[in-house]
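Spelled out from the first residue to the last, the chains are:
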Amino acid sequence: MKKENYTISVYTENNIGLLNRLSAIFLKRHINLDSMTASQSEIKDVFRFTIVIKVTEEQVKKIVGQIEKQIEVIKAFYHRDEETIYQETALFKIDSKLLFEERQIQNVIKNSNSNIVTVTPEFFVIEKTGRRREVDALYHKLEPYGLMQFVRSGRIAVTKDKMHISKILENFAEETV
Amino acid sequence: METQTQTLKKETKVATEKMTGAEAVIRCLLAEGVDLIYGYPGGAIMPVYDELYKYQDRLHHVLTRHEQGATHAAQGYARASGKVGVAIATSGPGATNFVTGIADAQIDSTPMVCITGQVGSHLLGSDAFQETDIIGISTPITKWNHQVTKSEDIPAVIAKAFYIARSGRPGPVLIDITKDAQFGELDFAYSKCKGVRSYKPVPETDPKSLEEAAKLIGKAKKPMIVFGQGVILGEAEAELKNFIEKSGIPAAWTILGLSALPTAHPLNVGMVGMHGNYGPNKLTNECDVLLAIGMRFDDRVTGNLETYAKQAKIIHFEIDPAEINKNVTADIAVMGDVKNTLAQILPLIQPNSYDSWLQEFKDYDTIEYDKVIKEELYPSKESLSMGEVIRGINEETKGDAVIVSDVGQHQMIACRYAEFTKSKSNVTSGGLGTMGFALPAAIGAKMGAPEREVVAIIGDGGYQMTIQELGTIFQTGVPVKIVVLNNDFLGMVRQWQQLFFDKRYASTEMVNPDFVKIAEGYHIQAKKVTKREDLQDAIKEMIACKEAYFLEVCVEKENNVFPMIPSGASVSDIRLE
């Protein structure tokens, strides 16, 4: 079976230690994470992890099974790239002198659909949001000029399908009343 | 953001009582029906021990000689009684000594609540004396764990711990309580946990899966059942028996399923797996429908997955959704508690019998008997065999005893040859294979089932891993019977060295102490047997003894356990020699 990128979305309670519990599932199987982000979800008190891994579908199914088995995981889903809308954000910190000494860099920035976040006499910071290859393309264009710092976030993604978390939570509320 | 603990707290009753966190721990345990716990005191758990002193008339504490012993004793207690075992220890080394027992309970789905003390919350992360990150350490080996830093969280967290440990597929839970949370005061009120919103212990059963399974069973010509511990954990022994008897399907068991069906049942065809019986292993690769009931297709059961039951349709009765298609793909998954699903499928199937198919099992039995079993149970050699010791115990206990076995050759021999009439009678470390398990587990098993005879079968290697628990036996006077089958070798490893490493016996020979003297040092009645003519009388004396008894039997040094599926081979390539 072919390895593909899968985005795993995990809806959880907001408890200390859950991050460790989730990462242990990958560690135990010797699977490297491409990225992992944690944030609040669309539901009050419910957290959401977005994890990207490159594995076979059989592997991702088993991993999602193990994730859902964790007590504080409400529900987990996996999706292929084409089933999600996903983005990453990168920050580039560049020496301000380059803006004047290397005129070409201004064109690179202009054509990259990025934003200038801040400018100081010493450095300026630009922010680029997009798919990995767009961020990478900008990186390769700026890198020859010298980057003072570069950082890229993990993937965040929403799915094209609905994920019925609220319904699961409502059902639980009804069952326990 | 509101945590679950806070949500749970809202549900607790209004009538409260002021007390310390430490006292609340005891009151929570009492409210959960706990009257016996195993543990070892130390700095960070002292406030709880102080309360134990006050409540000693209601909550009995057994002081083991090592924290690992406390976890295994709690496991033995849980396995023999069906209740949740409880173990308690201090922070740091106390907590880390729990690790092996917790991992064992996790892989064998044993309900256990472990409570550890922790340094004061202001010291967390400061590398304080006896501080260790037991939450981090125990995360991959617990069903759930939680650190409590506030006294008022104790009741809701302990309620949740018991609920999670015993519900669904059971498992170990660890609660780590900082010392300040033990000292601090709270308004105590206890209400049992009724549910956790992110946790569904028992999946819903799709009625269609039952119908499809029944249809498949109806068409089968050579069906076979393999049942596991799920039957015992779900207390579904009667449902299993009814199902087997109505369907007429031959039933084999995994090592942890042992004792769920009486040994003498005509449809009991023996054990599957690496050292299981010849017939069920061979016929796994000939059956047309394989019904897996409350078992998880461990690699020691399946051998090479590429050649495991490929010809068969698989029906998997299972409570844990993550087990479906994990190792073996199920054609039909019947989700749910087997106590319910087996009862529900019963009216959907027709009474049947498979005489010629059953005869195939019997024919293999005859081959196995002639090649292996006869010599093991009635050796022609002068030296004693492990099998004849088990046979001797069978004769004295009539299959009514709880047999607690350790790990290795003696374990396989005990599980192959011990006879059982009752469920919850086989306590062994199946998944983790923890040497040193049996002696403390036997203490727990006897306390969990005091009316029953408990016999621990242990090798000379494993015995010395937790031999200090003889102190616990002496102090509590718990009348367990200890049989050490001594071959002066780490026998199973030696067997592998003989078969697969050209007899290079690296570090498997043991120079052993005088085990009788050691037992006598703990004032435990003890005897050593080296000759066949003394064996049965010694076993008789041991079983008749009202107190703890230690029996060492010196057995043949270089016997091997057969049949055997070599590691990585197919189940049908099982070897008889």
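Note that the structure is predicted; figures quoted are calculated from it, not measured. (Residues numbered from 1 in each chain as written. Chains lettered and ligands numbered in written order. Predicted model: local features only at pLDDT ≥ 70, side-chain atom pairs only at ≥ 80, totals over all residues.)

Engineer: Tell me what's going on with the overall build of chain A, and back it up with residues and numbers.
Structural biologist: The secondary structure content of chain A amounts to six helices and nine strands. Over its C-alpha trace chain A gives a radius of gyration of 20 Å, far above what one expects of a compact globule, namely 16 Å for 177 residues. Once the C-alpha set of chain A is aligned to its principal axes, its extents read approximately 70 × 40 × 30 Å. Residues counted as buried form 27% of the 177 residues belonging to chain A. Contacts in chain A between residues at least 24 apart in sequence constitute 76% of all its contacts with a sequence separation of at least 6. (Helix = DSSP H or I, 4+ residues; strand = E, 2+ residues; numbered from the N terminus. Rg over C-alpha atoms; globule rule 2.2 N^0.38 Å. Buried ≥ 20, exposed ≤ 12 C-beta atoms within 10 Å, placed from the backbone. Contact = placed C-beta atoms within 7 Å.)

Engineer: I'd like a description of the sheet that holds strand β11 (residues 268-271) of chain B, backed by residues and values.
Structural biologist: Within a beta sheet, neighbouring strands are joined by backbone hydrogen bonds and run either parallel or antiparallel to one another. Residue and element names in this part refer to chain B. Judged by pairing direction, the sheet is parallel, and its six strands sit side by side in the order β11-β10-β9-β12-β13-β14 without closing on themselves. Of all the strands in the sheet, just β11 and β14 (332-335) have a single pairing partner and so form its edges. On average, each strand axis in the sheet is inclined to that of its neighbour by 20°, with strand direction left out of account. Of the strands in this sheet, β9 (223-227), β12 (289-293), β13 (313-318) and β14 are in contact with helix α10 (residues 207-219), which crosses β14 at around 130°. (Pairing = 2+ DSSP bridges. Axes fitted to C-alpha atoms, helices over the stretch in contact; angles between N-to-C directions.)

Engineer: How would you explain the sheet that holds strand β18 (residues 481-486) of chain B if you had to name every residue and give the values?
Structural biologist: Residue and element names in this part refer to chain B. Read across the sheet, six strands follow the order β16-β15-β17-β18-β20-β19 without closing on themselves; strand pairing throughout is parallel. Each having just a single partner strand, β16 (426-428) and β19 (525-529) make up the two edges of the open sheet. Sheet twist, expressed as the mean angle between neighbouring strand axes with direction ignored, is 15°. Sitting on the sheet, helix α19 (residues 438-448) is in contact with β15 (402-405), β16, β17 (454-459) and β18, with an inclination near 175° to β17.

Engineer: If you had to explain the packing of helix α2 (residues 21-31) of chain B against helix α3 (residues 46-54) of chain B to someone new, which residues and values would you point to?
Structural biologist: Residue and element names in this part refer to chain B. Where α2 contacts α3, the two axes come as close as 8 Å, and the packing angle between them is 55°. Regarding the angle of α2 to α3, the classification is oblique. For α2 against α3, the interelement crossing comes out right-handed. Of the residues in α3, those in contact with A22, E23, V25 and I26 of α2 are P47, V48, D50, E51 and L52. Considered class by class, the residues forming the contact of α2 with α3 number six nonpolar, no polar and three charged. (Parallel < 35°, antiparallel > 145°, perpendicular 65-115°, else oblique. Left-handed = near helix turned anticlockwise from the far one by under 90°. Nonpolar A, V, L, I, M, F, W, Y, C, P; charged D, E, K, R; others polar.)

Engineer: I'd like a rundown of the nonpolar core, residues and numbers included.
Structural biologist: In terms of nonpolar packing, the biggest core is built from 179 residues, with V25, A87, V113, A456 and V483 of chain B touching the most fellow members. At ten residues, helix α8 (residues 154-166) of chain B tops the list of elements feeding residues into this core. Setting aside anything within four residues of it in sequence, one finds V25 of chain B in contact with V48, I115, I154, I158 and I177 of chain B. Ranked by size, the runner-up nonpolar core spans 22 residues in total, among them Y11, V55, V60 and I67 of chain A. (Core = buried A, V, L, I, M, F, W, Y, C linked by C-beta atoms within 7 Å.)

Engineer: Give me the pairing of β12 of chain B: which residues, what numbers.
Structural biologist: All names here are of chain B. Most of β12 sits inside the fold, with five of its five residues counted as buried. Residues V289, L291 and I293 point to one face of β12 and L290 and A292 to the other, with burial holding for every one of them. Across five bridges, the pairing between β9 and β12 is parallel. Following the sheet pairing, F227 is matched in β12 by I293. In the sheet, β12 pairs with β13 via five bridges, with the strands oriented parallel. Looking at β13, one finds that A292 is bridged to H316.

Engineer: Hey, could you go over unusual backbone geometry for me, with residue numbers and the actual values?
Structural biologist: Between F562 of chain B and P563 of chain B the backbone carries a cis peptide bond, its omega angle lying at 0°. Checked against the element boundaries, P563 of chain B lands in the segment after β20 (549-554). Despite not being glycine, H30 of chain A shows a phi value in the positive range, around 55°. Tracing the chain through its elements places H30 of chain A in the loop between α1 (18-28) and β2 (35-40). Non-glycine residue S259 of chain B carries a positive phi angle of around 90°. Relative to the assigned elements, S259 of chain B resides in the loop between β10 (251-253) and β11. We classify S259 of chain B as buried; it has 26 C-beta atoms within 10 Å.

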